[in-house]
Amino acid sequence: MASNNFASRANTRDAVSPLVSAVAAMFCICMAVVSAQPQVSVTTDYVIGPQDVLTITSYDQADMSGKFTVEADGTFTFPMIGRVKAGGLTLRGLEAAIKTQLKDEGYFRNPQITVAVDTYKSQKVFIVGEVRTPGTYPLSGNMNLVEALARAGSTLPTASGEAVIVHAGENASGPTMPVSDDMKDLVRVNLRDLEKGTVTSNAALRDGDTVFVPRAQSIYVFGQVKNPAAYGMKSD
């Protein structure tokens, strides 16, 4: 009887890996959905900051187009009009500001300008715990939990069935670890829900967030079994 119990526990090993591949699969599905929809929130809501690299296209005069790096003071130099304040503005806000200045200074009657982000550098998230490549990652547009986990190489087989998001604020200089359930701005996400395709669990991330994937509790299987070892327990 004891051997049968140990053997049945050993079968739990087969349940460890699916979450890893499921999260990666969920990322691919979400990316396909995102690609098929207009990127309104990315192009209108992203707030520009220092070190972001912007692609600005002028349809009135081609040699005004190019890539521009926002400097530490939140400004950059644009042809004809000189220093332009970009820090703190959305992409659409910056477009409007450049158009107004070009019009007011008499360069064009109805300037046609578009602004996009070439490289995100001013905002970041921290991904730590049981992921393949923990570290600091740039926050790009409307980045969500699935995308963050995919960038970190997905979860490890030793990961628990949840991710903890700590909204530490834009001034966070490093990961903010959850110390209690009473912490303000702490969100727990059941990764099984993501595996099942529950999109509402795919939380949006903010500048300075920490995504922490805890290690699963282990059970030890030994005795007359084929693969005695410690196995991670997954919560439903």
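*Asks:* Would you take a moment to explain the overall build of the protein chain for this structure?
*Replies:* For the protein chain, the helix and strand inventory stands at six helices and 12 strands. Buried positions account for 40% of the 236 residues belonging to the protein chain. For the protein chain, the accessible area works out to roughly 12500 Å², and carbon and sulfur atoms hold 53% of it.

*Asks:* Sorry, what's going on with unusual backbone geometry here?
*Replies:* One can expect most non-glycine residues to show negative phi and most peptide bonds to be in trans. Look at Gln51: it is not a glycine, yet its phi comes out positive at around 80 degrees. Residue placement: Gln51 occurs in the loop between α3 (40-45) and β1 (53-58). Among the residues examined, Gln51 registers a relative accessible area of 41% and is labelled partly exposed.

*Asks:* Explain the pattern of salt bridges to me, please; I cannot follow it from the model alone.
*Replies:* Pairs may arise between side chains of opposite charge once their charged atoms sit close together. Considering all chains together, one arrives at seven salt bridges under this definition. Between Asp118 and Lys67 there is a salt bridge, and its shortest N-O distance comes to 3.3 Å. With Asp118 in strand β5 (residues 113-119) and Lys67 in strand β2 (residues 66-69), this pair connects stretches of sequence that are 51 residues apart. Judged by its relative accessible area of 56%, Lys67 falls in the exposed class.

*Asks:* Please clarify how the side chain of Asp52 should be interpreted in this entry.
*Replies:* Inspection of the secondary structure puts Asp52 in the loop between α3 and β1. No salt bridge is formed by the buried Asp52, whose closest oppositely charged neighbour, Lys121, lies at an N-O distance of 8.5 Å.

*Asks:* Would you take a moment to explain the sheet that holds strand β7 (residues 135-138) for this structure?
*Replies:* Sheet strands associate in pairs through backbone hydrogen bonding, adopting either a parallel or an antiparallel arrangement. Strand order in the open sheet formed by five strands is β7-β6-β10-β8-β9, and the pairing between neighbours is mixed. This sheet does not close on itself; its edge strands, each paired only once, are β7 and β9 (186-190). Sheet twist, expressed as the mean angle between neighbouring strand axes with direction ignored, is 20 degrees. Where strand β6 (residues 124-129) lies against β7, four bridges are found, and the strand directions are antiparallel. In the sheet register, Phe126 faces β7, and the bridge partner there is Thr136.

*Asks:* Just checking my understanding: could you explain helix α4 (residues 91-104) for this structure?
*Replies:* Along an α-helix, residues three or four positions apart point the same way, because every turn accommodates 3.6 residues. A rise of 1.5 Å per residue sets the reference length of α4, with its 14 residues, at 20 Å; its end C-alpha atoms lie 20 Å apart and thus fit the reference within 8%. Along α4, the residues that are buried comprise Leu91, Leu94, Glu95, Ile98 and Leu102. One face of α4 carries all of its buried residues, which in axial projection span an arc of 105 degrees. Away from its buried face by more than 90 degrees, α4 exposes Lys103 and Asp104.

*Asks:* Is there a simple way to think about the sheet that holds β5 in this case?
*Replies:* Spatial strand order, β2-β1-β5: three strands in an open sheet with antiparallel pairing. Strands at the two margins of the open sheet, each flanked by one partner only, are β2 and β5. Adjacent strand axes in the sheet meet at a mean angle of 30 degrees, parallel and antiparallel pairs treated alike. Sheet topology note: the β1/β2 ladder contains four bridges and is antiparallel. Note that in β2 the partner of Leu54 across the bridge is Phe68.

*Asks:* In this structure, what is going on with the packing of aromatic side chains? I would like to understand it.
*Replies:* Geometry of an aromatic ring pair is reported as the spacing of the ring centres plus the angle between the planes. Applying the stated criterion to the full structure yields four aromatic pairs. Taking 5.3 Å as the distance between ring centres and 55 degrees as the angle between the ring planes, the aromatic pair formed by Phe68 and Phe78 counts as tilted. Taken as a pair, Phe68 in strand β2 and Phe78 in strand β3 (residues 75-78) lie far apart in primary sequence, 10 residues in all. Residue Phe78 is classed as buried on the basis of its relative accessible area of 2%. Among the aromatic side chains, those forming a connected cluster through ring pairs are Phe68, Phe76 and Phe78.

*Asks:* Explain the confidence of the model for the protein chain to me, please; I cannot follow it from the model alone.
*Replies:* Low pLDDT marks regions whose predicted coordinates should not be analysed in detail. Per-residue pLDDT for the protein chain averages 80, and the proportion of residues at 70 or more is 76%. Considering only residues more than four positions removed or in separate chains, one finds that residues 1-17, a stretch of pLDDT under 50, has 17 contacts. Of the regions scoring below 50 in pLDDT, residues 27-43 engages in 15 contacts with residues more than four places distant in sequence or in other chains.

So, how was this worked out
- Residues numbered from 1 in each chain as written.
- Predicted model: local features only at pLDDT ≥ 70, side-chain atom pairs only at ≥ 80, totals over all residues.
- Heavy atoms only, no water.
- Helix = DSSP H or I, 4+ residues; strand = E, 2+ residues; numbered from the N terminus.
- Buried < 20%, exposed > 50% of the residue type's maximum accessible area, 1.4 Å probe, protein only.
- Areas by Shrake-Rupley, 256 points an atom, 1.4 Å probe, with all protein chains shown as cover.
- Salt bridge = Lys/Arg side-chain N within 4 Å of Asp/Glu carboxyl O.
- Lys, Arg positive; Asp, Glu negative; His and termini not counted.
- Pairing = 2+ DSSP bridges.
- Axes fitted to C-alpha atoms, helices over the stretch in contact; angles between N-to-C directions.
- Expected span 1.5 Å × (residues − 1).
- Arc of directions from axis to C-beta.
- Phe/Tyr/Trp six-rings, centres within 6.5 Å; stacked < 30°, edge-to-face > 60°.
- pLDDT = per-residue confidence, 0-100.
- Contact = heavy atoms within 4.5 Å.

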